[in-house]
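The chain contents come next:
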Amino acid sequence: MRDAREAFTAVTKEAEPIKSAERELLWKAGVGKLYDTVMPSAIRGGRKGQTMRTSKPITVTLGKQQQSVDARLASGAYDSASEVMRAALRALDREEQAVNEVLRARIWASIDDPRPSLTADEAEAEMTRFMKNESKAPRSAAR
């Protein structure tokens, strides 16, 4: 969060002369926290005075998950629902990456397996046996 505040301070100094007290009021009002949505092009390398949107606003219906977002905001761990959603997406990205790494490792283990491959008929027979055993297995209440 400190980097964002420094960026906001630098931008507001460059855009127009704003007294430090006014800058502090703007920051506290949340104006400076828009840095992740609209960032001045002076920081992004564009022409001075232009702003450029770095993200696209979206509307999301959360249903029961709204309570989770609200709890995180109330705890003070996050300053906005946008921050919560970005953190959630980063966590989802990490989870998917971990799953993909496990699958890749299993695929390579299978490719590197020295045992002979099955013919199509052998694979079909094995799958049929597996499916028959699955259909005979008792179903748990958890399913």
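Since this is a predicted model, take the numbers as computed values, not measurements.

S.K.: Which parts of the structure should I look at to understand the pattern of salt bridges?
M.R.: Oppositely charged side chains can pair when the atoms bearing their charge come close. Using the criterion set out here, one finds 2 salt bridges in the structure. In this structure, R115 engages D113 in a salt bridge whose closest nitrogen and oxygen atoms are separated by 2.6 Å. Using a relative accessible area of 63% as the deciding quantity, one classes R115 as exposed. The class for D113 is partly exposed, based on a relative accessible area of 25%. Between R129 and E126 there is a salt bridge whose closest N-O contact spans 2.5 Å. One end of the pair, R129, and the other, E126, are both in helix α6 (residues 120-136), 3 residues apart, so they sit about a helical turn from each other. Of the residues examined, E126 reaches a relative accessible area of 41% and is grouped as partly exposed.

S.K.: Would you take a moment to explain the environment of D113 for this structure?
M.R.: Tracing the chain through its elements places D113 in the loop between α5 (81-112) and α6. Among the polar contacts listed, one links the side chain of D113 to the side chain of R115, at a separation of 2.6 Å.

S.K.: Sorry, what's going on with the confidence of the model for the protein chain here?
M.R.: Detailed conclusions should not be drawn from predicted coordinates in areas where pLDDT is low. For the protein chain, per-residue confidence averages 75 on the pLDDT scale, and residues scoring 70 or more make up 59% of the total. Predicted confidence in the protein chain is weakest over strand β1 (residues 38-40), with a mean pLDDT of 41, and strongest over helix α4 (residues 65-75), with 93. Here residues 32-46 is a poorly scored stretch, pLDDT under 50, and it has 32 contacts once near neighbours within four places are set aside; other chains count.

Definitions and limits used
- Residues numbered from 1 in each chain as written.
- Predicted model: local features only at pLDDT ≥ 70, side-chain atom pairs only at ≥ 80, totals over all residues.
- Heavy atoms only, no water.
- Salt bridge = Lys/Arg side-chain N within 4 Å of Asp/Glu carboxyl O.
- Buried < 20%, exposed > 50% of the residue type's maximum accessible area, 1.4 Å probe, protein only.
- Helix = DSSP H or I, 4+ residues; strand = E, 2+ residues; numbered from the N terminus.
- Polar contact = N/O pair within 3.5 Å; in protein donor to acceptor, adjacent residues only side chain to side chain.
- pLDDT = per-residue confidence, 0-100.
- Contact = heavy atoms within 4.5 Å.

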